Amino acid sequence: MSHHPSPNRKTPDLVSVTTINRDGSRFFLHPADVRGPFTAARRWFALLLLAVYILLPWIPVNGHPAVFFNVAEGRYHVMGLTFITQDLWLLFFLISGLGFSLFFITSLFGRLWCGWACPYTVFLEHVFRRIERLTDGDAAARRALAAAPFTAGKAARRIVKHSLYLLCAAGIAHLFLAYFISLPTLYEYMHQGPLAHWKSFVLVFGLTGALYFSFAWFREQFCIILCPYGRIQSALTDDDTTIIGYDSGRGEPRGRKGTAGAGDCIDCRRCVQVCPTGIDIRNGLQLECIGCAACIDACDEIMVKVDRPRGLVRYDSLNGLEGRRRRILRPRIVLYSVLLAAGLAALTLSLGRLSPVHAVVNRMAGMPFYVHEGEVRNQYKLQLVNKRNTGVDFTVEFPNLPDGARYSISGDALRVPPQDEAEIPFTVTIGHRDFDGPFDLEVLVRAGDGGRQLYRSIRFLGPDPRFFQVDPEPDQEEEAP
Amino acid sequence: MSQITQDQDEHLVKPEELPPGVDLRPHVYDGIQEYDQRLPNWWLWSLYIFIIGYGVFWLAYYQFGMFQDDEARLAGRMQAISVRQAAELESLLAELDSDALWRMSRNSQFVASGKVIYTEKCVACHAADLSSRMGEVQLPGVPLNGREWIYCMLDGSTPVDAVTADPMKIFGLIHNGSPDPTKGMQAWGQDLGPRRVAEVTAYVLSYHDAPPLEAEPDDTSP
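Residues and elements named next belong to chain A. Where helix α1 (residues 37-55) contacts helix α13 (residues 294-305), the two axes come as close as 7 Å, and the packing angle between them is 145°. Contact residues: Pro-37, Phe-38 and Thr-39 in α1; Ala-294, Ile-296 and Asp-297 in α13. The residue makeup of the contact of α1 with α13, split by class, is four nonpolar, one polar and one charged.

Take a look at the structure:
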């Protein structure tokens, strides 16, 4: 294999990263246009994902945006469900579930996520590179423009391109903020000065800058060097994982069409020219490959032209490419599916048990217990949270209230307005003859008629019962003459 | 492609096979060789920038104390809250006196908002009708509808008639809690703030006959 370093063209190898030159400087890629079924499917899928990102804050579900993380008020609306900060533990199942889904999909299909669904790829390939294609032309034109001296015409193109970049970056950043403050508030903020909500302004300003830097300059460097998911995914693939690979048995040795003894690869380098991370897929599976399938479409187009079967570069497992038996069911697939199923079951159960109401019992400020006229009294407060869009009537019961004990709680105040909360004091009193030491008081809160039941438990405290045995009426001293 | 999986020695990269400019470290561990190549310049620059940035931060934060640390910021916030609460209390007390509280107790608007608070916070100990009794059962609180007023007398002593009681002392009692901490009346000023304490005071007073007031009462309550 020959190595001919040139400012415009490079031959990718397994020894170094194409996009980093020997002196550490950057080698900018100009991936060529590519056409084909995978490219088309990828574009449609990306447009769908973009539409989801753009539209979610606009679509109202149950009176709130479809996705609205209202951090300021601790209310998180997702597709009509409302969560409060106390429900945060559910995130464990969501994140681990997403993690196991990624494990599962990656061990089956390689880095499908990177090439098809990752927001970074979607924004880069289907927004920012499209803008560049529009302003600067195809790969050859872009390469020529980059090498051209800086003239007024080049400056104009650059200004237009980077203005469009900044506009898109700012749009993405503003929408991101809208997920947390809602669109009307965002609109309101935008009409006030930057200092009125300077934290939001700094966030959006910084995010715009980061997105602009990433998509205008940094590009594939993020996927190749920074992104941890790519690394994890690379560790999850094995010889039976479907990846994008080159059938070397069929392709080698390379040679022009008609050369005696040559394989199917005519060494046209189309697969290299279209690669967004600058690798040569014919060198085998590499860390840089984000699984975008551009080289499949590129190669298939050539194979059709030279009258050879498609699929010299294709989705296949390493075993399949070498002509060995393909396996789908492997121990790791079983393990990941079991873990995924367990996580999904736990999430489903938790979501089913997720309560639109919430109750907490705490001790009131002051002493832990009161002794008055031969009775022990504990004072508690009951915090009731209503996440519903309608008012909820709460009732309270004490299932394990000992004989001789009584409670006192406000009756009417247990109606909590929609999306609101109330803090209601209550007392539990036990005559000293019935008090034989601290115990766990059970509190049963019912929400609405036949509604959800919430069990809470709190300690009932009092003095050592021997205190009463020694002096049966300790509080009567004042009245005694 | 399958370099790693096959026999190691045969597949070790030899330095003379490498393109110019790529160095190979002399060691081999478990068949793994290491190239010695330059890091990306952007990587190095981000490292240098963060080293310099941390130096600046270290000097500014730890050596010159140019920024508040978390503890000081927390103390400052708490201080600001207590200052604001004190100011709120002070501004209310500037316009509040016994007569004002009596007048509030004749104003249906104040009494209504006081009732909401009373129903939520006070009923558990003082009962809905202020009697501190629920049926036959005596509740922990002091009855608020009777003629007996403890801690609230103008001269601070004998319980007599509501008329001789000082509404400002009732306000103070609700705001600061009972002077006797063994009784269990907590300082509600923390929870409610002075304005709502005044409203609930007005609600309690609305159950009692007011002394002759200077200004015309706005409304007559039950």
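A few words on the sheet that holds strand β5 (residues 81-84) of chain A. All names here are of chain A. Strand order in the open sheet made by the three strands is β3-β4-β5, with antiparallel pairing throughout. Of all the strands in the sheet, the pair left with one neighbour each is β3 (67-70) and β5. This sheet shows a mean twist of 15° between the axes of neighbouring strands, independent of strand direction. Note: strand β4 (residues 75-78) against β5, four bridges, orientation antiparallel. Looking at β5, one finds that Tyr-76 is bridged to Phe-83.

Residues and elements named next belong to chain A. The strand order across the open sheet formed by four strands is β13-β11-β15-β16, and the pairing between neighbours is antiparallel. Each edge of the open sheet is held by one strand with a lone partner, namely β13 (415-416) and β16 (453-460). Of the strand pairs in this sheet, strand β11 (residues 392-397) and β13 are connected by two bridges, and their pairing is antiparallel. Counterpart to Asp-393 in the pairing with β13 is Arg-415.

This paragraph deals with unusual backbone geometry. Note: most peptide bonds trans; most residues except glycine with negative phi. Residues and elements named next belong to chain A. Omega for the peptide link from Glu-252 to Pro-253 comes to -15°, which places this bond in the cis form. In this fold, Pro-253 is placed in the loop between α11 (248-251) and α12 (270-274). With a phi close to 45°, Arg-219 is a non-glycine residue in the positive phi region. For Arg-219, a count of 21 C-beta atoms within 10 Å gives the class buried.

Let us look at the domain arrangement of chain A. Residues and elements named next belong to chain A. According to the domain assignment, chain A consists of domain 1 (1-354) and domain 2 (357-473). Its C-alpha centre places domain 1 at a distance of 55 Å from the equivalent point of domain 2. The interface of domain 1 with domain 2 comprises six residues on the first partner and five residues on the second. For the side of domain 1 that touches domain 2, the class distribution of residues is one nonpolar, four polar and one charged.

Let's shift gears to the environment of A:Ala341. Position of A:Ala341 relative to the elements: it lies in helix α15 (residues 331-353). Given 12 C-beta atoms within 10 Å, A:Ala341 falls into the exposed group.

Turning next to the pairing of strand β6 (residues 242-246) of chain A. Residues and elements named next belong to chain A. Along β6, five of the five residues are buried, which leaves the element largely enclosed by surrounding structure. The alternating pattern of β6 places Thr-242, Ile-244 and Tyr-246 and Ile-243 and Gly-245 on opposite faces, both of which are buried. Across five bridges, the pairing between β6 and strand β7 (residues 313-317) is antiparallel. Considered in β7, the bridge of Ile-243 is made with Asp-316.

What follows concerns the packing of helix α2 (residues 90-109) of chain A against α15(A). Each packed pair of helices is defined by two parameters, the angle between the axes and the distance between the axes. All names here are of chain A. For the pair α2 and α15, interaxial distance at closest approach is 9 Å and the crossing angle is 155°. Comparing their axes, α15 and α2 come out roughly antiparallel. Taken as a pair, α2 and α15 cross one another with a handedness that is left-handed. Of the residues in α15, those in contact with Leu-90, Phe-93, Leu-94, Ser-96, Gly-97, Phe-100, Ser-101, Phe-103, Phe-104, Ser-107 and Leu-108 of α2 are Arg-332, Ile-333, Tyr-336, Ser-337, Leu-339, Leu-340, Gly-343, Leu-344, Ala-346, Leu-347 and Ser-350. Each residue belonging to the contact of α2 with α15 can be placed in one class, and the counts come to 14 nonpolar, seven polar and one charged.

On to the nonpolar core. Counting 49 residues, the largest nonpolar core has A:Phe394 and B:Ala202 as its most contacted members. By size, the runner-up hydrophobic cluster in this structure holds 33 residues, among which are A:Val17, A:Phe38, A:Ile279 and A:Cys295.

What counts as what
Residues numbered from 1 in each chain as written. Chains lettered and ligands numbered in written order. Predicted model: local features only at pLDDT ≥ 70, side-chain atom pairs only at ≥ 80, totals over all residues. Axes fitted to C-alpha atoms, helices over the stretch in contact; angles between N-to-C directions. Helix = DSSP H or I, 4+ residues; strand = E, 2+ residues; numbered from the N terminus. Contact = placed C-beta atoms within 7 Å. Nonpolar A, V, L, I, M, F, W, Y, C, P; charged D, E, K, R; others polar. Pairing = 2+ DSSP bridges. Buried ≥ 20, exposed ≤ 12 C-beta atoms within 10 Å, placed from the backbone. Domains from an automatic or database assignment. Parallel < 35°, antiparallel > 145°, perpendicular 65-115°, else oblique. Left-handed = near helix turned anticlockwise from the far one by under 90°. Core = buried A, V, L, I, M, F, W, Y, C linked by C-beta atoms within 7 Å.

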